[in-house]
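Analysis of the macromolecular model
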Amino acid sequence: MKHNNGRIVRYMILALLASIFVFAADNKSVKAFSGDNFFAGATGLVKDAYEKVQNGTGGEDLGTTLNIDIEPTVEKDLSGTIMNGIYFDDISMSGKTYDEAVKLIRDKVQSMGDAQITFNSIGEGRVSVTAHELGLEWDDTSLVTDALYAGRSGNIVERYKERKDIEHDRKVYPINVRFDRSIIESIVKEQGDLYNVEAVNATLSKADGDFVITPGTKGEKIDTNASVSRIMSELDSFTGEDIAIDLVVVEDIPKATEEDLEKIHDVIGTFRTSFKTSNADRSGNVRNGTRLVNGTVLLPGDTFSMYEAVSPFTEENGYYLAGSYLNGMVVESLGGGICQVSTTLYNAVLRAELEVTERHNHSMIVSYVDLSGDAAISGTSKDFKFTNNTDYPVYIEGITTEDKQIVFTLYGVETRPSNRTVTYESEQLSETVPEGDKIIVDPSAPLGSISTQSAHTGYTGKLWKIVTVDGKEVERTEVNRSTYLPTPRTATVGTATDNPAALAMLQSAIDTGSIDAVKATIGELNNAAAAAAEAAAAFGL
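A quick note: this is a predicted structure, and the numbers were derived from the prediction, not measured. (Residues numbered from 1 in each chain as written. Predicted model: local features only at pLDDT ≥ 70, side-chain atom pairs only at ≥ 80, totals over all residues. Heavy atoms only, no water.)

Some remarks on the overall build of the chain
- In terms of helices and strands, the chain carries 15 helices and 25 strands.
- Relative to its full complement of 541 residues, the chain shows a buried share of 38%.
- Excluding contacts between residues fewer than 6 apart, the proportion of contacts in the chain whose partners are at least 24 apart in sequence is 71%.
- Of the roughly 29,900 Å² of accessible surface on the chain, 50% is carried by carbon and sulfur atoms. (Helix = DSSP H or I, 4+ residues; strand = E, 2+ residues; numbered from the N terminus. Buried < 20%, exposed > 50% of the residue type's maximum accessible area, 1.4 Å probe, protein only. Contact = heavy atoms within 4.5 Å. Areas by Shrake-Rupley, 256 points an atom, 1.4 Å probe, with all protein chains shown as cover.)

Some words on helix α11 (residues 280-293)
- Between the first and last C-alpha of α11 there are 20 Å, a value that for 14 residues agrees with the 20 Å anticipated at 1.5 Å per step.
- For α11, the complete set of buried residues consists of Arg282, Ser283, Gly284, Asn285, Val286, Asn288, Gly289, Thr290 and Val293.
- For α11, the capping residue at the N-terminal end is Asn279, with a side-chain oxygen 3.2 Å from the backbone nitrogen of Asp281.
- After α11 finishes, the residue Gly295 shows a positive phi value of roughly 90°. (Expected span 1.5 Å × (residues − 1). Polar contact = N/O pair within 3.5 Å; in protein donor to acceptor, adjacent residues only side chain to side chain.)

Focus: the packing of α11 against helix α13 (residues 338-352)
- It is the contact of α11 with α13, at a shortest axis distance of 8 Å, that shows an interaxial angle of 45°. The angle between α11 and α13 places the two elements in the oblique class. Where α11 crosses over α13, the two elements pack in a sense that is right-handed. Counted together, Arg282, Asn285, Val286, Gly289, Thr290 and Val293 of α11 and Ile338, Gln340, Val341 and Leu345 of α13 form the full contact between these two elements.
- Looking at the contact of α11 with α13 residue by residue, the classes come out as 5 nonpolar, 4 polar and 1 charged. (Axes fitted to C-alpha atoms, helices over the stretch in contact; angles between N-to-C directions. Parallel < 35°, antiparallel > 145°, perpendicular 65-115°, else oblique. Left-handed = near helix turned anticlockwise from the far one by under 90°. Nonpolar A, V, L, I, M, F, W, Y, C, P; charged D, E, K, R; others polar.)

Brief notes about the sheet that holds strand β3 (residues 116-120)
- The strand order across the open sheet formed by 3 strands is β4-β3-β9, and the pairing between neighbours is mixed. With one partner strand each, in any of the chains shown, β4 (126-130) and β9 (243-246) form the two edges of the open sheet. Averaged over all pairs of adjacent strands, the angle between their axes in this sheet comes to 20°, without regard to strand direction.
- Strand direction decides the pairing type here: β3 and β9, joined by 4 bridges, are parallel. Looking at β9, one finds that Thr118 is bridged to Ala244.
- Strands in contact with helix α8 (residues 181-195) are β3 and β4; relative to β4, the strand with the most contacts, it is inclined by about 155°.
- Relative to β9, helix α9 (residues 224-235) is tilted by about 150°, and along the sheet it contacts β3 and β9. (Pairing = 2+ DSSP bridges.)

So, the sheet that holds strand β17 (residues 385-387)
- Ordered by their spatial adjacency, 3 strands build an open sheet running β13-β17-β16, and the pairing between neighbours is antiparallel. Pairing within the sheet leaves two strands with one partner each, and these edge strands are β13 (303-305) and β16 (355-358). Averaged over all neighbouring strand pairs, the angle between strand axes comes to 25°, with direction disregarded.
- As paired strands, β16 and β17 are joined by 3 bridges and run antiparallel to one another. Note that in β17 the partner of Glu358 across the bridge is Lys385.
- Where α13 meets the sheet, its contacts fall on β13, β16 and β17, and the angle it forms with β16 comes to roughly 140°.

Thoughts on the side chain of Thr495
- Tracing the sequence through the fold places Thr495 in strand β25 (residues 489-496).
- Once you skip the residues sitting within four places of it in the chain, Thr495 turns out to touch Val441, Asp442, Pro443, Ala445, Pro446, Leu447, Leu503, Leu506 and Ile510.

What about the side chain of Ser227?
- In this fold, Ser227 is placed in helix α9.
- Discounting chain neighbours no more than four positions away, the residues touching Ser227 are Val188, Ile222, Leu247 and Val248.

Describing the nonpolar core
- Core analysis: the biggest nonpolar cluster contains 44 residues, and Phe119, Phe179 and Phe238 have the highest contact counts within it.
- Contributing elements (two or more residues each) for this core: β1 (86-88), α5 (98-112), β3, β4, α6 (142-149), α8 and α9.
- Other than its neighbours up to four places away in sequence, Phe179 contacts Ile117, Ala131, Leu134, Gly135, Leu136, Ile184, Met232, Leu235 and Phe238. (Core = buried A, V, L, I, M, F, W, Y, C linked by side-chain atoms within 4.5 Å.)

Things to note about the environment of Gly123
- The topology assignment puts Gly123 in the loop between β3 and β4.
- For the pair Gly123 and Asn196, spaced 73 residues apart in the sequence, the C-alpha separation amounts to 9.8 Å.

Here's the deal with the pattern of salt bridges
- Scanning the model with the defined rule gives 25 salt bridges in all.
- Residue Arg126 pairs with Glu124 through a salt bridge whose shortest N-O separation is 3.9 Å.
- Since its relative accessible area comes to 42%, Arg126 is described here as partly exposed.
- Since its relative accessible area comes to 70%, Glu124 is described here as exposed. (Salt bridge = Lys/Arg side-chain N within 4 Å of Asp/Glu carboxyl O.)

Description of α6
- α6 sits mainly inside the fold: 6 of its 8 residues count as buried.
- Listing the buried residues of α6 in full gives Leu143, Val144, Thr145, Ala147, Leu148 and Tyr149.
- Contact partners of the buried residues in α6: β1, α5 and β5 (171-173).
- Phi for Gly151, located one or two positions after α6, is positive at around 80°.

Brief notes about the packing of α5 against α6
- Packing of α5 against α6 brings their axes to within 10 Å, and their N-to-C directions diverge by 135°. Our classification of the angle between α5 and α6 gives oblique. Note that α5 runs across α6; the crossing there is right-handed. Across the interface between the two elements, Tyr98, Ala101, Val102 and Ile105 of α5 pack against Val144, Thr145 and Leu148 of α6.
- Residues belonging to the contact of α5 with α6 are distributed by class as follows: 6 nonpolar, 1 polar and no charged.

Examining the packing of aromatic side chains
- A full pass over the atoms with the stated rule returns 10 aromatic pairs.
- Aromatic side chains Tyr307 and Phe313 sit 6.2 Å apart centroid to centroid with 50° between the ring planes, which places their arrangement in the tilted category.
- In this structure Phe313 comes out as partly exposed when scored by relative accessible area, which is 24%.
- A ring pair is formed by Tyr346 and Phe384, whose centres lie 5.5 Å apart and whose planes are at 85°; its orientation type is edge-to-face. Remark: Phe384 occurs in the loop between β16 and β17 and Tyr346 occurs in helix α13; sequence separation between them is 38 residues. Both residues of the pair, Tyr346 and Phe384, count as buried.
- Cluster of aromatic residues (ring-pair linked, three or more members): Phe304, Tyr346, Phe384 and Phe386.
- The ring of Tyr87 is capped by Arg170, whose NZ or CZ atom sits 3.9 Å from the centre of that ring.
- In this arrangement the basic side chain of Lys206 is found over the ring face of Phe211, its NZ or CZ atom lying 5.3 Å from the centre. (Phe/Tyr/Trp six-rings, centres within 6.5 Å; stacked < 30°, edge-to-face > 60°. Lys NZ or Arg CZ within 6 Å of the ring centre and 35° of its normal.)

Shown next as structure tokens:
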């Protein structure tokens, strides 16, 4: 008997090796193995077989080489019945055919689908769903095939032994059900949307010249990935009973804490500009934009966007129609003047030496800062952005004074040496004086109406950052280089009329390209119209 058992074991090993070799031969590759390492200690017979596969001779004589029969793979015969003592969970499969066994399991899974599965989230929050709603399904029919062949495969000794083992101690196969992970994930996310409690940042404000801190609060939120993993693990042993699973809840810590904000006490940069020449509407826009920026706290690594801080440019958000630059022209727009707010903050940021990540100059020079010291914004195409690249929070204070000054002051923690000073210097690189006049015809405006805009000289310039230590210059760095377009004197002339002779007269003046000629012609037309009106009145017409 021992001799026979040894032969059985040997043939099983050889059969396994044979299946590997046949697979490798069919696929023209055995890259997964490393010849001598894999067969260390093996017989020369097996090595010889391996070499034949490597050399491309295939597995056609492998059976002869190994002295075993290699038969082609065929589908298993599913006829017959399952022997006594075999169960799927608590379902006896004794005497059942393959189809009968599959049906019994599917019926069992169907009944399991009504079980209630409850997810406990935050506080009293919870949701209950059925197993069916979580995509419960079973398709592990290969185990039924294994059960059908239990006690029927192998040699006579193996079959006899397996049958006796099953008679003595029943063999139980698991009913391995599956759930849809994507459905579970969507339910968990929905619970987060319903019950997550967001942390509230501590806030900072100024009252009577002193900082006032309002403490933040911690929150709670559902960890989606950890919760889904926990649920899938719990459902691995699902038996059809109602169950409750606690979702993974984690603490949400405020980004800005009271301890962080208490560190803010130093002025790290400040700048002011004047808007004394602004009319009421532009002044209103300047004050409104400054108010919207005031009180902003930037934590380390945070980026500030001027556009996001002051938009939308609507009356509801406090803006008025006022003059602004557009492609070298002055036009009326909601929020006109907001660029002076952006420019003032830009200069304060430069002096705090924070990281400027986006800045654009205007199409024409502005009067409230030197060349290259401006920062324009226009929708999302032109924005002013900077990042708090320090290790401490930064507080932005923005105020407007009664004498029409914008003042931005940045507070944080001063870490720069006291004997180190930073200043900025503007340098003009070129100047372009515009030539001639530009006339724009407006066929929707009445004949003879005219509005003019003075010429603007074009410039190119650069801004230098100068660092001194103990009064001695140690560093000079180019901050930006800006180009401002030259714009000739411009007039917009109305041409809407039902008098063709008057239109022809005005058009001739427009064709000269001279604004003065157009003004003179308009004067003649106005005089002629006045004379005609006077004559008509004299004759009682």
